[in-house]
Amino acid sequence: MTRKYKLSAKAVDTRILAICALDRLIDYIRTIDPDLKPDEATLLAAITLHSLPQLFQETPLLVDRFRDAAAEMKRKRNAQQPTTND
């Protein structure tokens, strides 16, 4: 797969955070069943991620928490933007 755009350093950093979070999920899955091989735990993690939209639909509180977190991120982003005095 060829990218038609360049990733910013911030985008790369956030992808690294996502990969670390995925690793933690895989590690957690292996605590549930320590006999799982790494590839099996990784497949279960992928299935879990694939199932998240349905979980969101079934759990309005989870959706609300994500909306709150997104609003906070946007608030911080907007607070960092310089204002112009016209």
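Throughout what follows, the structure given in this document is the object of discussion. (Residues numbered from 1 in each chain as written. Predicted model: local features only at pLDDT ≥ 70, side-chain atom pairs only at ≥ 80, totals over all residues. Heavy atoms only, no water.)

With that settled, the discussion passes to the overall build of the chain. If you tally the helices and strands in the chain, you get three helices and zero strands. When its helices and strands are written in sequence order, the chain yields α-α-α. For 86 residues, the compact-globule estimate of 2.2 N^0.38 gives 12 Å, and the chain exceeds it by more than 25% at 18 Å. For the chain, the residues scored as buried account for 6% of the 86 residues in total. Taken as a whole, the chain presents about 7900 Å² of accessible surface, with 60% of it coming from carbon and sulfur. Across the chain, the 14 positively charged side chains and the 12 negatively charged ones have centroids separated by 10 Å. (Helix = DSSP H or I, 4+ residues; strand = E, 2+ residues; numbered from the N terminus. Rg over C-alpha atoms; globule rule 2.2 N^0.38 Å. Buried < 20%, exposed > 50% of the residue type's maximum accessible area, 1.4 Å probe, protein only. Areas by Shrake-Rupley, 256 points an atom, 1.4 Å probe, with all protein chains shown as cover. Lys, Arg positive; Asp, Glu negative; His and termini not counted. Charge placed at Lys NZ, Arg CZ, Asp CG, Glu CD.)

Of all hydrophobic cores here, the largest spans five residues; its members are Ile 26, Ile 29, Leu 36, Ala 41 and Ala 45. Contributing elements (two or more residues each) for this core: α1 (9-32) and α2 (38-58). With sequence-adjacent residues up to four places away left out, Leu 36 is seen in contact with Ile 29, Arg 30, Ala 41 and Leu 44. (Core = buried A, V, L, I, M, F, W, Y, C linked by side-chain atoms within 4.5 Å. Contact = heavy atoms within 4.5 Å.)

A cluster of acidic residues, Asp 33, Asp 35, Asp 39 and Glu 40, forms a negative patch at the surface. Checked against the element boundaries, Glu 40 lands in helix α2. (Patch = residues over 30% accessible without salt bridge, like charges linked within 9 Å, V, L, I, M, F, W, Y side chains within 5 Å. Salt bridge = Lys/Arg side-chain N within 4 Å of Asp/Glu carboxyl O.)

Here we come to the packing of α2 against helix α3 (residues 60-80). With their axes 5 Å apart at the nearest point, α2 and α3 run at an angle of 105 degrees to one another. As judged from the angle between their axes, α2 and α3 are roughly perpendicular. Contact residues: α2 offers Leu 55, Phe 56 and Glu 58, while α3 offers Pro 60, Leu 62, Val 63 and Phe 66. Of the residues in the contact of α2 with α3, the class split is six nonpolar, no polar and one charged. (Axes fitted to C-alpha atoms, helices over the stretch in contact; angles between N-to-C directions. Parallel < 35°, antiparallel > 145°, perpendicular 65-115°, else oblique. Nonpolar A, V, L, I, M, F, W, Y, C, P; charged D, E, K, R; others polar.)

Right, let's talk about α2 for a bit. Helix length check: α2 (21 residues) gives 29 Å between terminal C-alpha atoms against 30 Å at 1.5 Å per residue, within 8%. The largest bend in α2 is about 45 degrees, located at Leu 52, with the proline Pro 53 one to four residues further on. (Expected span 1.5 Å × (residues − 1). Bend = angle between axes of the 7 residues up to and from the residue.)

This part covers the pattern of salt bridges. Inspection of every chain in the model, using the stated rule, returns two salt bridges. Here Asp 64 and Arg 67 are joined by a salt bridge, their closest N and O atoms 4.0 Å apart. Note that Asp 64 and Arg 67 are positioned in helix α3 at a spacing of three residues, about one turn of the helix. Taking the relative accessible area as the measure of exposure, Arg 67 reaches 57% and is therefore exposed.

A cluster of nonpolar residues, Leu 43, Leu 44 and Ile 47, forms a patch on the protein surface that exposes about 270 Å² of accessible area. Of note, Leu 43 is situated in helix α2. Leu 43 sits in the exposed class, given a relative accessible area of 53%.

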